[in-house]
Amino acid sequence: MNNIRLSKSCVGEEEKIALARVIDAGYLGMGREVQLFEEELQAYLGTSLHVICVNTGTAALHLAVQCLDIGPGDEVLVPSITYVASFQAVAAAGAKPVACDVTPDRAFIDLVDAERRLTSRTKAIMPVHYASDSQDIGTVYTFAARHGLRVIEDAAHGFGCVRDGKRVGAEGDILCFSFDGIKNITSGEGGAVVTGDAELARRIQDARLLGVERDTEKRFKGERSWTFDVLHQGYRYHMSNLMAAVGREQLKKIGRFSERRQSCVARYQREFAGLVGLSFLDLDYENIVSHIFVVRVSNGRRDELMDHLRSNNIECGIHYQPNHLLNYFETDYPLPIAETLISEFLTLPLHAELTEDELTKVIDAVRNFLKQV
Ligand SMILES: Cc1ncc(COP(=O)(O)O)c(C=O)c1O
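Since this is a predicted model, take the numbers as computed values, not measurements.

Engineer: Explain the site of the ligand to me, using residue names and the numbers behind them.
Structural biologist: Near the ligand you find 17 residues, and of these Gly57, Thr58, Asp154, Ser178 and Lys183 are the closest. In this structure, aspartate 154 approaches the ligand through a side-chain N or O atom, which is 2.7 Å from a nitrogen atom. One of the side-chain N or O atoms of aspartate 180 is found 2.9 Å from an oxygen atom in the ligand. Protein chains bury 93% of the 380 Å² of accessible surface belonging to the ligand in isolation. Elements supplying a minimum of two residues to the shell around the ligand: helix H3 (57–67) and helix H4 (84–92). Per element, the largest residue contribution to the shell around the ligand is three residues, and it comes from H3. A per-class count over the shell around the ligand returns six nonpolar, eight polar and three charged.

Have a look at this one:
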């Protein structure tokens, strides 16, 4: 019997045809296809902000930090409950990710704790759209303005979401999306930085191509830069035409993908309502497109429920180990909410191809387990 997948890449014939088109055109690297993907993303987000595609969400975060000239001796506030990518991206720029606690209802960065972690070296704050939520982002911008910080939103989970009546990515200081294989849309691997800061956008465009000045413009015209200058550190972080071709097809499907994810989450909520021993995060599920569906399992039964689901061929997960407990990012202070939440969090299957039948199996398995006291 096949496992019910926790997440998966939802790709098909359209992506295959698009890949064949790029292969037939004879250039797989970064060119016109990437330019079109950037333009289409900008149109979808309904924004005039700059969109810069790169080869992972982690690269997007790293370039955001690096191109703000945040580096050795500088600190960035990051919630401890996030994928290690957020921490590594800050560290890759030579800066220190400073782990902060999270709010108990949404696992969003706790600004009371963040205030305690502020020093004269703090240069930016990186709120994470955990489980696609960023409804409290306004408070982060107020905090950042008060303390003179840049805001780098880790919106890896946030593609397709609506916030204050606008798409996430329509406005903000700097947002970083991920298009890795299991995100709300995928380009195989991939990511994008969105910012209205024209100077920063230029730096990031160059930095994704080894710092080669204005190489982006040349590549979009199908040309090469034979003579050029380099002003800053750069990386091989650009997106390829192959990736962009997949991303463009996925973007056409975002409406369908979003509806399916939302409908699965709505069913989970309906069917689990009032169940003793299980609760939800307090998220605006009607406006977000959940990348992961996280529940809290109380009474110390989370691991047992995980085992029960796995023995029923249902995959599940834990998002994420608090970073301040990892050796490399260990802190000398506890973060009690993060530590409690992570002992209760369980991620249930969610992707755009999850069937009603599969959902029924997951729901029945959870219910049966919680009935046994
Ligand atoms: C919260 C968060 N931040 C950053 C990333 C990094 O994105 P990528 O996998 O595209 O490098 C991820 C991806 O899983 C993520 O979940």
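Engineer: Explain the environment of lysine 8 to me, and be specific about the residues and the numbers.
Structural biologist: Along the chain, the position of lysine 8 falls in the segment before helix H1 (13–25). For lysine 8, a relative accessible area of 21% corresponds to the partly exposed category. Spatially, the C-alpha atom of lysine 8 lies 30 Å from that of proline 97, the residues being 89 residues apart in sequence. At 2.4 Å, the side chain of lysine 8 forms a polar contact with the side chain of glutamate 353.

Engineer: So what's going on with the domain arrangement of the protein? Residues and values would help.
Structural biologist: Per the domain assignment, the segments of the protein are domain 1 (13–252) and domain 2 (255–371). Computed from C-alpha coordinates alone, the two centres of domain 1 and domain 2 are separated by 26 Å. Every contact between the two is made by 36 residues of domain 1 and, on the other side, 33 residues of domain 2. Surface buried jointly by domain 1 and domain 2 totals about 2800 Å² across both partners, of which 58% is contributed by carbon and sulfur atoms.

Engineer: Please set out the sheet that holds strand S10 (residues 278–280) residue by residue, giving values where relevant.
Structural biologist: Judged by pairing direction, the sheet is antiparallel, and its three strands sit side by side in the order S10-S11-S12 without closing on themselves. Strands at the two margins of the open sheet, each flanked by one partner only, are S10 and strand S12 (345–348). In this sheet, neighbouring strand axes are inclined to one another by 40° on average, regardless of whether the strands run parallel or antiparallel. The pairing of strand S11 (residues 293–297) with S12 spans four bridges and is classified as antiparallel. Bridge pairing links arginine 296 to phenylalanine 345 in S12. Of the strands in this sheet, S10, S11 and S12 touch helix H10 (residues 254–272), which is tilted by about 140° from S10. Across the face of the sheet, helix H11 (residues 302–311) comes into contact with S11 and S12 while running at roughly 20° to S12.

What counts as what
Residues numbered from 1 in each chain as written. Predicted model: local features only at pLDDT ≥ 70, side-chain atom pairs only at ≥ 80, totals over all residues. Heavy atoms only, no water. Near = heavy atom within 4 Å. Polar contact = N/O pair within 3.5 Å; in protein donor to acceptor, adjacent residues only side chain to side chain. Areas by Shrake-Rupley, 256 points an atom, 1.4 Å probe, with all protein chains shown as cover. Helix = DSSP H or I, 4+ residues; strand = E, 2+ residues; numbered from the N terminus. Nonpolar A, V, L, I, M, F, W, Y, C, P; charged D, E, K, R; others polar. Buried < 20%, exposed > 50% of the residue type's maximum accessible area, 1.4 Å probe, protein only. Domains from an automatic or database assignment. Contact = heavy atoms within 4.5 Å. Buried area = accessible area lost by both parts, 1.4 Å probe. Pairing = 2+ DSSP bridges. Axes fitted to C-alpha atoms, helices over the stretch in contact; angles between N-to-C directions.

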